Amino acid sequence: MDYQQILAEAAAAARATAGQGRVADYIPALAKAPADAFGMALATADGELYGVGDWERRFSIQSVSKLFTLVLAIAHGGDELWRGVGREPSGNPFNSLIQLETEHGIPRNPFINAGAIVVTDRLLQQTGDAAGAVLDFLRTESGNPSLDIDPEVAASEAEHGHRNAALAHFIASHGNLLGDVDTVLAHYYRHCAIEAGCGDLALAGRFLARHGVRADGSRLLQRSQAKRVNAIMLICGTYDAAGEFAYRVGIPGKSGVGGGILAVLPERATLCAWGPRLDAAGNSVAAMAALDHFTTATGLSIF
C-alpha cells in the first residue's frame, strides 16, 4: 500500500476544510497556534514512518497526553485504577462538572478532564512524577530525547484552570483523590503542555498497534489491556463526539484541544493528524477530515 500517496490525498481533504472551526483560546497560550497549519504522520507496526505537511512541527498535545497517563497508570497499578474512574462515554463536554455530583466523585471515563485528573493522581502516587513519567515515555518511544514541556502553556493552563480546580476539589471531597490537589493539578497541566510532532506521537503510540509491546520489544500492557485501552479510545477518546468519530473514521482515536488526534489501526499502524482549528466538541476539523479520508480510501478500519 502506498501510504505516502494516501497521506497526500488525506492532506488535500484536510485543506478542503480551510476556515472551518476555531483555534482553542480558553487557554490563551494555545491561541497562538497557526490556525491553518496541518500535518499528518503514519508509523507502521514495524517502525516505518511516513509524513506529510507540517508533520514534524511540534504542537501542544493537550488531551492526547491522557492516553499515555492512562496506559502508564495501568502498567504500574493494573485494574485497581478502575475503582476510581469509569469506562463509559460521558455525553457531556470534556470539562463538565455535572456528572460528578450525581456519581459521587467518580468520573465517567479517563479521557474527560475529571477522569484524567484522577488518573494523573494515581500515576503520581505510583511514580512520584506523573508528568515526568509521561515525558520520559514519549521521548523513549518516539526516539526523540528533545521532546519537552512548554512552560508557557503549562503556566497559562494553571492561571486559567478554575474549572479543573473545581473538578479536582470536588473529586477530593468524595475521597477519590489521594494526593494534594494543587500538586496533582500541576502535573496534569504539565503533561498536557508537552510539545511533540505528528511523527513523534505516531511512533509513541505504536505499542497499541502492537498489542501492548513497546519499541524495544518489552511488554508495557498485556494483550487484553491493550485491547481494552483501544476500546475506551473508540467510545470516549473524542469527547462527546466519539460516536461521530467512530462513524466517520472507524478506528480508536484520542484527540486534544491543541488540534492533534492520535489513532490506531491494530496490528498495522498508528496515525497522528494535526490541525489547530477545532469543532464545537473540541476536535480538530482538519484532522478528522484527513483520518476520515484515510480509512475510507484504504478500507482499513476495525469494522
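Higher on the page you've got the structure.
Each value, and the rule that gives it
- Residues numbered from 1 in each chain as written.
- Predicted model: local features only at pLDDT ≥ 70, side-chain atom pairs only at ≥ 80, totals over all residues.
- Heavy atoms only, no water.
- Disulfide = S-S within 2.5 Å.
- Buried < 20%, exposed > 50% of the residue type's maximum accessible area, 1.4 Å probe, protein only.
- Helix = DSSP H or I, 4+ residues; strand = E, 2+ residues; numbered from the N terminus.
- Expected span 1.5 Å × (residues − 1).
- Arc of directions from axis to C-beta.
- Contact = heavy atoms within 4.5 Å.
- Pairing = 2+ DSSP bridges.
- Phe/Tyr/Trp six-rings, centres within 6.5 Å; stacked < 30°, edge-to-face > 60°.
- Axes fitted to C-alpha atoms, helices over the stretch in contact; angles between N-to-C directions.
- Parallel < 35°, antiparallel > 145°, perpendicular 65-115°, else oblique.
- Nonpolar A, V, L, I, M, F, W, Y, C, P; charged D, E, K, R; others polar.

**Quick word on the state of the cysteines**
Note: disulfide means a covalent bond formed between the sulfur atoms of two cysteine side chains. The final tally for this structure, using the stated rule, is 0 disulfides. Looking at Cys236, it has no disulfide partner, and the nearest cysteine sulfur is the one in Cys192, 17 Å off. Looking at Cys236, the relative accessible area reads 3%, which means it is buried.

**What to know about helix α1 (residues 3–15)**
In this model α1 runs 18 Å from its N-terminal to its C-terminal C-alpha over 13 residues, within 8% of the 18 Å that 1.5 Å per residue would give. For α1, the complete set of buried residues consists of Tyr3, Ile6, Leu7, Ala10, Ala11 and Ala14. Seen along its axis, α1 keeps its buried residues to an arc of 145 degrees; they face one direction. Lining the buried residues of α1 we find β2 (39–44), β3 (49–53) and α13 (285–298).

**Quick notes on the environment of Ser65**
Relative to the helices and strands, Ser65 resides in helix α2 (residues 65–77). A relative accessible area of 0% places Ser65 in the buried class. A C-alpha to C-alpha distance of 15 Å links Ser65 and Asp129, two positions 64 residues apart in sequence. The contacts of Ser65, once residues within four sequence positions are left out, are His191 and Cys192.

**Structural notes on the side chain of His187**
Relative to the helices and strands, His187 is located in helix α8 (residues 181–192). In this structure His187 touches Thr120, Leu124, Gly128, Asp129, Ala130 and Ala131, once residues within four positions along its chain are discounted.

**Considering unusual backbone geometry**
Even without glycine at this site, His211 takes up a positive phi of about 55 degrees. Relative to the helices and strands, His211 is located in the loop between α10 (206–209) and α11 (223–236).

**Regarding the pairing of β2**
Side chains on a regular strand alternate between the two faces of the sheet. Among the 6 residues that make up β2, 6 are buried, leaving the element largely enclosed by the rest of the structure. The alternating pattern of β2 places Gly39, Ala41 and Ala43 on one face and Met40, Leu42 and Thr44 on the opposite face, and all of these are buried. Hairpin connection between β2 and β3: a loop of 4 residues separates the two successive antiparallel strands, and Gly47 in this loop has a positive phi of roughly 105 degrees. Looking at chain direction, β2 and strand β9 (residues 269–274) are connected through 6 bridges and run antiparallel. Bridging across to β9, Leu42 finds its partner in Leu271.

**Section: the packing of aromatic side chains**
As enumerated under the stated definition, the model contains 7 aromatic pairs in all. Consider the rings of Phe68 and Phe137, whose centres lie 5.9 Å apart with planes at 45 degrees: the pair is tilted. Here the residue Phe68 occupies a position in helix α2, and Phe137 occupies one in helix α5 (residues 130–142), the gap between them amounting to 69 residues. Residue Phe137 is classed as buried on the basis of its relative accessible area, which comes to 4%. Aromatic pair Phe68 and Phe207: ring centres 6.5 Å apart, planes at 55 degrees, arrangement tilted. Here the residue Phe68 occupies a position in helix α2, and Phe207 occupies one in helix α10, the gap between them amounting to 139 residues. Its relative accessible area of 0% is what places Phe68 among the buried residues.

**A short note on the packing of α2 against α5**
Closest axis-to-axis distance for the α2/α5 pair is 10 Å, and the angle between their directions is 100 degrees. On the basis of the axis angle, α2 is roughly perpendicular to α5. Residues Phe68, Thr69 and Leu72 of α2 pack against Ala133, Val134, Phe137 and Leu138 of α5. Residue classes in the contact of α2 with α5 are distributed as 6 nonpolar, 1 polar and no charged.

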